[in-house]
Amino acid sequence: MKFIVKLFPEIMMKSKPVRMRFTKMLETNIRNVLKKVDESAKVQRQWDKIMVMVPDDRPDLVEAFAERLGCIPGIAHVLQVNVSTFESVDDIYQQTLAVYKDELAGKTFCVRVKRVGKHDFNSIEVERYVGGGLNQFTEAAGVRLKNPDMTVNLEIDNEQLYLVDKRIQGLGGYPMATQEDVLSLISGGFDSGVSSYQFIKRGSRTHYCFFNLGGDQHEIGVKQVAYHLWQKYGESHKVKFISVPFDPVVQEILERVDNGQMGVVLKRMMMKTAARIADKMGIQALVTGEAMGQVSSQTLTNLNVIDRCTEQLILRPLIAMDKQDIIDICRRIGTEDFAKTIPEYCGVISQKPTVKAVLAKVEAEEAKFSEDLLDRVIADAVVMDIREIAAQMDTKITEAETVADINTDEIIIDVRAPEEEEKDPLEIEGIEIQTIPFYKLATQFADLNKEKTYLLYCDRGVMSKLQALYLQEQGYSNVKVYRP
């Protein structure tokens, strides 16, 4: 079994040196991601595609490889193919007939062939021969070239025949690290997760800057969002997660700033802080989830005033998007249920916020701050490799034990995503196992029997630990982490 990785069309349009560089980087990214699934992954770069080989003795890797390939930036689509050799056009037809005969029953179809190499036939001749044979010797409803019920895809690469078993939609965009790094201001809500994803997809290593306004519980929730985005879409490269304690700034805003200006001032202070952190990291641009007119601080006038606080480039990929479109993307990339559980802390400051801030007036309000305010919060900021989130959870979880042995009266909650749980169900004789995905646990845990003890389980142990700590912060003490 092989996978044929097709490059995103924008890569194919680049000049030869740029295209080669992008393709080489994509090859490396694919290898880095798949090696975390299995060390035996083999990746081979070609001019117009990348081949991924699944060892013959490891058919169990096919689904895992397919899932990961669908989440790597720079890929248009992936073809899962069965590989064989052939002797003639009729041999190609016979092999195709054996694979598709039953599946074609009652369906209209067409045959599409892509060919590379020197042969005594061309692609159209193969399409006609194979299509005619399938139409005559199967129970298909007939050939239909436009909008058929089924398309039989064949690829011929010199002496090899690839019978396409499945077409997997890719993420698109550019390979990770082909574009410059960005620093995303992430709050854990709908918008900031989607804006971060947009830049991961576009090929930028996306680091995360979190302004903590809601304590440990807020930070744990945001770390789950950031870790999920990195693990699913950007795992090929290291990124940083920076947590900035912003309570001192909020306190001075509440004490010293005119009520109507609070929202704009808070955003400006965040931008100033993020810009200084980005400078230290050698990053040229900030990313936010702001959309025009969504809240009072996001009018064009206010965004203009906010931008004046720094010379750093501020990028807003969602600026003209509707909220429902943002939520739809949020649902597709897997951050919607996280966002539902995280309050919008930035929105609780101004009671009658201005929608037309005046720069001079805002700057006059900011002059009331302590001179060393931002120096203090930046000094207290915690910078960590996002891969260390799992290790950090180990040190933070004190009340929730990590156990390998289970009592018969304890209940395991499998917090893996549904597709992961379905591929490898957890079964332990005599033990009750419930399946609640990690992104739904925070809202559903309150409905469970409080007299029972629950052991949270996931493959890598990261999400189970994050969820255990999150539930602890909400006051639940009947939670442990199960690591067999």
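Just above sits the structure.
Let me begin by describing the structure that accompanies this report. (Residues numbered from 1 in each chain as written. Predicted model: local features only at pLDDT ≥ 70, side-chain atom pairs only at ≥ 80, totals over all residues. Heavy atoms only, no water.)

Description of the sheet that holds strand β5 (residues 108-116)
Hydrogen bonds between backbone groups are what pair the strands of a sheet, and the pairing can be parallel or antiparallel.
Part 1 of the argument: Across the sheet, which stays open at both edges, the eight strands sit in the order β2-β3-β1-β4-β8-β7-β5-β6 with mixed pairing between neighbours. Two strands lie at the open edges of the sheet, namely β2 (42-45) and β6 (142-143), each paired on one side alone.
Part 2 of the argument: As defined by bridge partners, strand β7 (residues 150-157) adjoins strand β8 (residues 160-172) across four bridges and the pair is classed as antiparallel. Along β8, the bridge assignment pairs Asp-157 with Gln-160.
Part 3 of the argument: Helix α5 (residues 123-137) rests against β5, β6 and β7 of the sheet, and its axis sits at about 150° to β5. (Pairing = 2+ DSSP bridges. Helix = DSSP H or I, 4+ residues; strand = E, 2+ residues; numbered from the N terminus. Contact = heavy atoms within 4.5 Å. Axes fitted to C-alpha atoms, helices over the stretch in contact; angles between N-to-C directions.)

Looking at unusual backbone geometry
Part 1 of the argument: Of note, Asn-158 is a non-glycine position whose phi angle comes to about 55°, a positive value.
Part 2 of the argument: When you line up the elements, Asn-158 lands in the loop between β7 and β8.
Part 3 of the argument: For Ala-177, which is not glycine, the phi dihedral falls at a positive 80°.
Part 4 of the argument: Along the polypeptide, Ala-177 turns up in the loop between β8 and β9 (179-185).

A short note on the environment of Ala-141
Part 1 of the argument: Along the chain, Ala-141 turns up in the loop between α5 and β6.
Part 2 of the argument: Along the backbone, Ala-141 and Ala-105 are 36 residues apart, and their C-alpha atoms lie at a distance of 7.1 Å.
Part 3 of the argument: Setting aside anything within four residues of it in sequence, one finds Ala-141 in contact with Leu-104, Gly-106, Lys-107 and Thr-108.

Considerations on the nonpolar core
Part 1 of the argument: Formed by 54 residues in total, the largest nonpolar core has its most connected members in Tyr-208 and Ile-413.
Part 2 of the argument: At eight residues, the largest contribution of residues to this core is made by helix α7 (residues 215-233).
Part 3 of the argument: If we ignore the near neighbours within four places in the chain, the residues touching Ile-413 are Gln-434, Ile-436, Leu-441, Phe-445, Leu-448, Tyr-454, Leu-455, Leu-456 and Tyr-457.
Part 4 of the argument: Counting residues in each nonpolar core, the second largest holds 38 residues, with Val-249, Leu-266, Met-271 and Val-305 among its members. (Core = buried A, V, L, I, M, F, W, Y, C linked by side-chain atoms within 4.5 Å. Buried < 20%, exposed > 50% of the residue type's maximum accessible area, 1.4 Å probe, protein only.)

Let's talk about a negative patch on the surface
Part 1 of the argument: Taken together, the side chains of Asp-102, Glu-103, Glu-139 and Asp-165 define an acidic patch exposed on the protein surface.
Part 2 of the argument: Assignment of secondary structure puts Asp-102 in the loop between α4 (89-100) and β5.
Part 3 of the argument: With a relative accessible area of 71%, Asp-102 lands in the exposed category. (Patch = residues over 30% accessible without salt bridge, like charges linked within 9 Å, V, L, I, M, F, W, Y side chains within 5 Å. Areas by Shrake-Rupley, 256 points an atom, 1.4 Å probe, with all protein chains shown as cover. Salt bridge = Lys/Arg side-chain N within 4 Å of Asp/Glu carboxyl O. Lys, Arg positive; Asp, Glu negative; His and termini not counted. Charge placed at Lys NZ, Arg CZ, Asp CG, Glu CD.)

A word on helix α13 (residues 359-366)
Part 1 of the argument: If you check which residues of α13 are buried, you get Val-362, Glu-365 and Glu-366. In an axial view of α13, the angular spread of the buried residues amounts to 100°, which keeps them on one side of the axis.
Part 2 of the argument: Along its buried surface, α13 packs onto α8 (247-256), α9 (262-281) and α10 (300-307). (Arc of directions from axis to C-beta.)

Some details on the packing of α4 against α5
Between two packed helices, both the angle of their axes relative to each other and the distance between the axes serve to describe the pair.
Part 1 of the argument: Viewed as axis vectors pointing N to C, α4 and α5 meet at an angle of 45°, and their least axial separation amounts to 9 Å. It follows that α4 is oblique to α5 by the angle criterion. Of the two possible hands of crossing, α4 and α5 adopt the one that is right-handed. Across from Val-89, Asp-90, Ile-92, Tyr-93, Thr-96 and Leu-97 in α4, the residues of α5 making contact are Val-126, Tyr-129, Val-130, Gly-133, Leu-134 and Phe-137.
Part 2 of the argument: Among the residues forming the contact of α4 with α5, the class breakdown is nine nonpolar, two polar and one charged. (Parallel < 35°, antiparallel > 145°, perpendicular 65-115°, else oblique. Left-handed = near helix turned anticlockwise from the far one by under 90°. Nonpolar A, V, L, I, M, F, W, Y, C, P; charged D, E, K, R; others polar.)

Details of the sheet that holds strand β17 (residues 432-435)
Part 1 of the argument: Spatially, five strands are ordered β15-β19-β18-β16-β17 in an open sheet, and the strand pairing comes out parallel. Every interior strand has two partners, whereas the edge strands, β15 (402-403) and β17, have only one.
Part 2 of the argument: In terms of strand pairing, strand β18 (residues 454-457) meets strand β19 (residues 479-482) through three bridges, oriented parallel. When the bridges of β19 are listed, Leu-455 appears paired with Lys-480.

Some thoughts on the pairing of strand β16 (residues 411-414)
Part 1 of the argument: The two faces of β16 match: Ile-411 and Ile-413 on one face and Ile-412 and Asp-414 on the other face are all buried.
Part 2 of the argument: Pairing between β16 and β17: four bridges, direction parallel. Within β17, the residue paired with Ile-411 across the bridge is Glu-432.
Part 3 of the argument: With four bridges connecting them, β16 and β18 associate as parallel partners. Directly across from Ile-413, in β18, lies its bridge partner Leu-456.

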